[in-house]
Amino acid sequence: MTARVDCVALDAKDAIAPLRDEFMLNEHEIYLDGNSLGPVSRAVAARVNEVINDEWGRGLVRGWNESGWMEMPTRVGDRLAPLIGAQPGEVLVADTLTFLLAKIIGGALDLRKDRSVVLTDVANFHSDLYIVRAMAARAGRPITVKAIERSAIESELNDDVALVMLTHVDFRSGEMLDLKGITTKVHDAGALMLWDLAHSAGAVPLDVTGANADFAAGCGYKYLNGGPGSPAFLYVRKSWQGLLENPLPGWLGHARPFDFELDYEPAEGMQAFVTSSPSIVALAALDGALDVWDRASMDQVRAKSLQLTDLFIELVEARLPGVFEIVTPRDHAKRGSQVALRHPDSYGIIQALLQRGVIGDFRDPDIARFGFTPLYLRFVDVFDAVEILVDVMKGESYRDAEFAVRNAVT
Ligand SMILES: *Cc1c(COP(=O)(O)O)cnc(C)c1O
């Protein structure tokens, strides 16, 4: 079994270990929830301060021109593009994820007017299911949304399927799907593919170009560390730009917003998917958060992520044999950057860990979820977290009555 000294040695030779200093973390806590809300980095604080004190504070309304605020959604999008394997001009940062999904779903259904089925995963994130059903109901023609088992998607593909919408890394189990393989099969059936990358961007290597994905979107506040409610990102493959219509048009997606024309004419490129005024302070936070990627490659991050999740699984199995079902796939090709443990008392376990300074989260009905974020997590953190988990399980502190009532946010 890997010992604590081995973990210290692994940290000592870890090339991206120094990046931890860029983040504001509480000294006596182990943060295994960066998949839900990433921490603040120093660059975020600096960039936000710059906007508040200089661009907005001094510049006032001039900031729109002088500080390039109007271009921020596409400029930050271009910075983010390499993380998902997109080209410059293919990514926009705006809104939040559910809104961006609505835009793509609405637009995509219009691109396949002769088809009437949308396929998605019954285990998809609830917000994704709500919005796809709502957009389908407003498509102007009857659309059936089939939310089915992931394994059944392929056999349901036929020439009536307009769109397939899947989340690349499952938010509960951490299972990662085959981006390219699935996209290819969807295209063979003549359908369009929308990927939700909420748990993938900044967590695993992505190549939307190589996969020939049509559309993708993901959160800014999870592995990208953009802050609570951070704007999300949208990818539209170049060949669809100008064809895919934004079903929620607004003045800032117009070709000439300051001509105040009464008829809508979409701007070129990704700008057409902007609806409203960009959230400059929030965009600045995400912009700052992306600085850390100037010093780390996704390959380094992925290699360490697999080491961290392997270590966690190894230690949980060795120290707590048979206590948890390990839900996350062992196969590296099918694993995101989190580990999900199943136990009937998962809610209490997560709360008891929280009291001991180990922060994970609970996902209904019985999943204790732990995110592993190589930019700031050490191997010793994984070791220490498992030791505390052992304590919690042996002492049965998770059974305490105070953990019987659930908080609003789990
Ligand atoms: C986090 C998450 C969302 C929620 O995104 P919002 O920006 O709050 O709309 C949607 N889908 C998936 C798969 C998620 O993980």
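Residues numbered from 1 in each chain as written. Predicted model: local features only at pLDDT ≥ 70, side-chain atom pairs only at ≥ 80, totals over all residues. Heavy atoms only, no water.

1. As for the pairing of strand β6 (residues 192–196)
1) Next: Of all five residues that make up β6, five are buried, and the element is covered over most of its length.
2) Next: In β6, alternate side chains face the same way, and those of L192, L194 and D196 on one face and M193 and W195 on the other are all buried.
3) Next: The sheet contact formed by strand β5 (residues 161–167) and β6 spans five bridges and is parallel. Its bridge partner being in β6, V164 is matched across the sheet by M193.
4) Next: Bridge analysis of β6 against strand β7 (residues 215–218) gives three bridges, and the strand direction is parallel. Residue D196 lies in a different strand from β7, and its bridge partner there is A217. (Buried < 20%, exposed > 50% of the residue type's maximum accessible area, 1.4 Å probe, protein only. Helix = DSSP H or I, 4+ residues; strand = E, 2+ residues; numbered from the N terminus. Pairing = 2+ DSSP bridges.)

2. What about unusual backbone geometry?
1) Next: For the peptide bond that leads from D364 to P365, omega is 0 degrees, which places it in the cis range.
2) Next: Of note, P365 is situated in the loop between β12 (361–363) and β13 (367–371).
3) Next: At L60, a residue that is not glycine, the phi angle is positive and equals roughly 50 degrees.
4) Next: Examined against the element boundaries, L60 turns out to sit in the loop between α2 (42–56) and α3 (63–66).
5) Next: Its identity is not glycine, yet E396 carries a phi of approximately 55 degrees, on the positive side.

3. With respect to the sheet that holds strand β9 (residues 325–326)
Within a beta sheet, neighbouring strands are joined by backbone hydrogen bonds and run either parallel or antiparallel to one another.
1) Next: With antiparallel pairing, four strands are arranged side by side in an open sheet as β9-β10-β13-β12. Looking at strand neighbours, the two that pair on one side only are β9 and β12, the edges of this open sheet.
2) Next: Alignment of strand β10 (residues 338–342) against β13, held across five bridges, turns out to be antiparallel. Pairing of Q338 across the sheet is with G371, part of β13.
3) Next: Set on the sheet, helix α11 (residues 298–319) makes contact with β9, β10 and β13; between it and β10 the angle comes to about 25 degrees. (Contact = heavy atoms within 4.5 Å. Axes fitted to C-alpha atoms, helices over the stretch in contact; angles between N-to-C directions.)

4. Describing the domain arrangement of the chain
1) Next: Taken as a whole, the chain is organised into domain 1 (4–16 + 296–403) and domain 2 (47–294).
2) Next: Centre-to-centre, using C-alpha coordinates, domain 1 lies 30 Å away from domain 2.
3) Next: Between domain 1 and domain 2, the residue contacts involve 24 residues of the former and 19 residues of the latter.
4) Next: With both chains or domains summed, domain 1 and domain 2 bury close to 1,700 Å², and 61% of this area falls on carbon and sulfur atoms.
5) Next: Our count for the contact surface shared by domain 1 and domain 2 stands at zero salt bridges.
6) Next: Remark: the boundary between domain 1 and domain 2 carries nine residue pairs in polar contact (both at pLDDT 80 or more).
7) Next: For the side of domain 1 that touches domain 2, the elements supplying multiple residues, two or more each, are α11, β10 and β13.
8) Next: Broken down by element, the residue count for the side of domain 1 that touches domain 2 peaks at four residues, all from α11.
9) Next: Of the residues that constitute the side of domain 1 that touches domain 2, the class distribution is 11 nonpolar, six polar and seven charged. (Domains from an automatic or database assignment. Buried area = accessible area lost by both parts, 1.4 Å probe. Salt bridge = Lys/Arg side-chain N within 4 Å of Asp/Glu carboxyl O. Polar contact = N/O pair within 3.5 Å; in protein donor to acceptor, adjacent residues only side chain to side chain. Nonpolar A, V, L, I, M, F, W, Y, C, P; charged D, E, K, R; others polar.)

5. Focus: the environment of R330
1) Next: As for its placement among the helices and strands, R330 is situated in the loop between β9 and β10.
2) Next: For the pair formed by R330 and T309, sequence separation is 21 residues and the distance between their alpha carbons is 9.4 Å.
3) Next: At 2.9 Å, the side chain of R330 and the side chain of E317 are in polar contact.

6. Observations regarding the site of the ligand
1) Next: Contacts to the ligand come from T96, L97, T98, F125, D128, T167, D196, A198, H199, C219, Y221 and K222.
2) Next: In the environment of the ligand, a nitrogen atom lies 3.2 Å from a nitrogen or oxygen atom belonging to the side chain of D196.
3) Next: Considering the ligand on its own, with 390 Å² of exposed area, one finds that the protein chains cover 88% of that surface.
4) Next: With respect to the pocket detection grid, the ligand is positioned in the largest pocket.
5) Next: Partitioning the shell around the ligand into residue classes produces five nonpolar, four polar and three charged. (Near = heavy atom within 4 Å. Areas by Shrake-Rupley, 256 points an atom, 1.4 Å probe, with all protein chains shown as cover. 1 Å grid on protein atoms, 1.4 Å probe; cavity = no way out; pocket = protein on both sides within 12 Å on 5 of 7 lines; lining within 4 Å. Sits in = over half its atoms within 2 Å of the grid points.)

7. Here we look at the sheet that holds β6
1) Next: Taking strand neighbours across the sheet as the criterion, the seven strands line up as β2-β8-β7-β6-β5-β3-β4 in an open arrangement whose pairing is mixed. Both edges of this open sheet fall to β2 (91–94) and β4 (144–148), since each of them pairs with a single strand only. The average angle at which neighbouring strand axes cross in this sheet is 15 degrees, direction not considered.
2) Next: On the sheet, helix α6 (residues 126–137) packs against β3 (117–121), β4, β5 and β6 and is oriented at approximately 160 degrees with respect to β4.

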